[in-house]
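Coordinate inspection notes
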Amino acid sequence: MDSALPATEKTTAHPSDEAAGVVGAGIETTKWAAIVTCFHIVDNPSIRRRLQQDLQDAFPDMSYTPTLAELDRVPYLMACIEEGLRLSYGAVARSPRIHRLKAISYKQYTIPAGVPVSSNAWHAHHDELIFPSSFSFVPERWLNNAKGPDGKKNLARYAMFFGKGTRICLGLQLEYAELEMVVAMLFRGLFEFEFY
Ligand code: HEM
């Protein structure tokens, strides 16, 4: 409060908005993605067994803590995380984008400048053409450089859990880091899990 920040940044509303932003953007999203991912892994014993096996093959010494770069190279771990993110959706509200300067084309439509367009993660993630059996947790769909329905574009292009374009999530690298560490440590075989 003693700094040279402008007075508008020292109102009560400002730190309160910042706090809501940190909690909403950085905590609720992370918490929910981790919960959904872990739930589905525990709920699918064959997926859990494969994840544990792949992690043990990659890091047989259980006292060793893998680095992030090493975790990145465990494809099934990354596939479980992508699938967990898909089924936790990120922000499900519509994320409007407006091109203020020029008209844009979409299929047969011309959208005039200044008109908002939007989509949302829930509908994109349950498009059965892109994600068949979309309500099921299927990490395998992300393996082997998976492609979308045209067989050319990467499947990741259709994932909206971090938003898209100019306002895409600023925390996504941190997010992958958190999820990789949490999921790998929980499921490398040190713990047992049961629902109650
Ligand atoms: C699983 C975790 C996360 C998910 C699913 C997620 C998802 C999203 C989504 C959907 C948006 C809106 C993008 C858009 O409007 O198109 C967003 C924006 C944002 N996220 Fe995340 N997020 C996550 C974690 C984080 C973390 C850990 C941080 C910060 C440490 C963070 C910081 C932000 C910020 C600052 C924005 C606003 C970017 C802007 O408006 O330019 N997020 N996030």
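Scoring rules and cut-offs
- Counting of residues starts from 1 at the beginning of each chain's written sequence and follows it residue by residue.
- Whole-chain, interface and lining totals are the exception, using all residues; otherwise, since this is a predicted model, local features are given only for residues with pLDDT of at least 70 and side-chain atom pairs are given and counted only at 80 or more.
- To obtain the side-chain values, all non-hydrogen atoms of the structure were used and water was disregarded.
- UniProt positions are given in the numbering used here, feature names are shortened, and annotations may be inferred rather than shown by experiment.
- Counting from the N terminus, the helices are the DSSP runs of H or I reaching at least four residues and the strands are the DSSP runs of E reaching at least two.
- Throughout, exposure labels follow a simple rule: accessible area from a 1.4 Å probe, protein chains only, divided by the maximum for the residue type, with under 20% read as buried, over 50% as exposed, and the rest as partly exposed.
- Residues scored as positive are Lys and Arg, those scored as negative are Asp and Glu, and His as well as the terminal groups of each chain are ignored.
- Salt bridge criterion: a side-chain nitrogen from Lys or Arg within 4 Å of a carboxyl oxygen from Asp or Glu.
- Contacts were defined at the residue level, with two residues in contact if any of their heavy atoms lie within 4.5 Å.
- When at least one non-hydrogen atom of a residue lies within 4 Å of a molecule or strand, that residue is treated as near it.
- Throughout this description, a polar contact denotes any pair of N or O atoms lying within 3.5 Å of each other; where both atoms belong to protein, one of them has to be capable of donating a hydrogen while the other can accept it, and for residues adjacent in sequence the pair is counted only when both atoms sit in side chains.
- Lys, Arg, Asp and Glu make up the charged group, whereas Ala, Val, Leu, Ile, Met, Phe, Trp, Tyr, Cys and Pro make up the nonpolar group; the residues left over, Gly among them, are polar.
- Between N-to-C directions, angles cover 0 to 180 degrees, with each direction set by a line fitted to C-alpha atoms, over the stretch in contact for helices.
- In what follows, roughly perpendicular refers to angles from 65 to 115 degrees, roughly parallel to angles under 35, roughly antiparallel to angles over 145, and oblique to any angle outside these ranges.

Here we come to the UniProt feature "binding site: heme" (unreviewed entry) in the protein. Taken from the UniProt record, the annotation "binding site: heme" (unreviewed entry) applies to C169. As for its position among the elements, C169 is in the loop between α5 (121-125) and α6 (172-187).

Turning to the side chain of R48, a few remarks are in order. As for its position among the elements, R48 is in helix α2 (residues 45-58). Notably, R48 is buried but unbridged: the nearest opposite-charge side chain belongs to E192, and the N-O separation is 4.0 Å. If sequence neighbours within four positions are ignored, R48 has contacts with I41, V42, F187, F191, E192 and F193.

Here the focus is the site of the ligand. Around the ligand sit 21 residues, and of these A25, R97, R167, C169 and E175 come closest. At 2.5 Å from an oxygen atom of the ligand is found a side-chain nitrogen or oxygen belonging to R97. Within the side chain of R167, a nitrogen or oxygen atom sits 2.7 Å from an oxygen atom of the ligand. Among the secondary structure elements, those contributing two or more residues to the shell around the ligand are α1 (13-43) and α6. In terms of residue count, the dominant contributor to the shell around the ligand is α1 (five residues). Looking at the shell around the ligand, its residues break down into ten nonpolar, seven polar and four charged.

What follows is about the environment of L85. Structurally, L85 is set in helix α4 (residues 75-88). For the pair L85 and Q53, spaced 32 residues apart in sequence, the C-alpha separation works out to 22 Å.

Turning our eyes to something else, we now look at the packing of α2 against α6. As a packed pair, α2 and α6 sit with axes 9 Å apart at the nearest point and diverge in direction by 95°. Judged by the inter-axis angle, α2 sits roughly perpendicular to α6. Facing α2, whose interface residues are R48, L51, Q52 and L55, α6 presents V183, A184 and F187. For the contact of α2 with α6, the class distribution of residues is five nonpolar, one polar and one charged.

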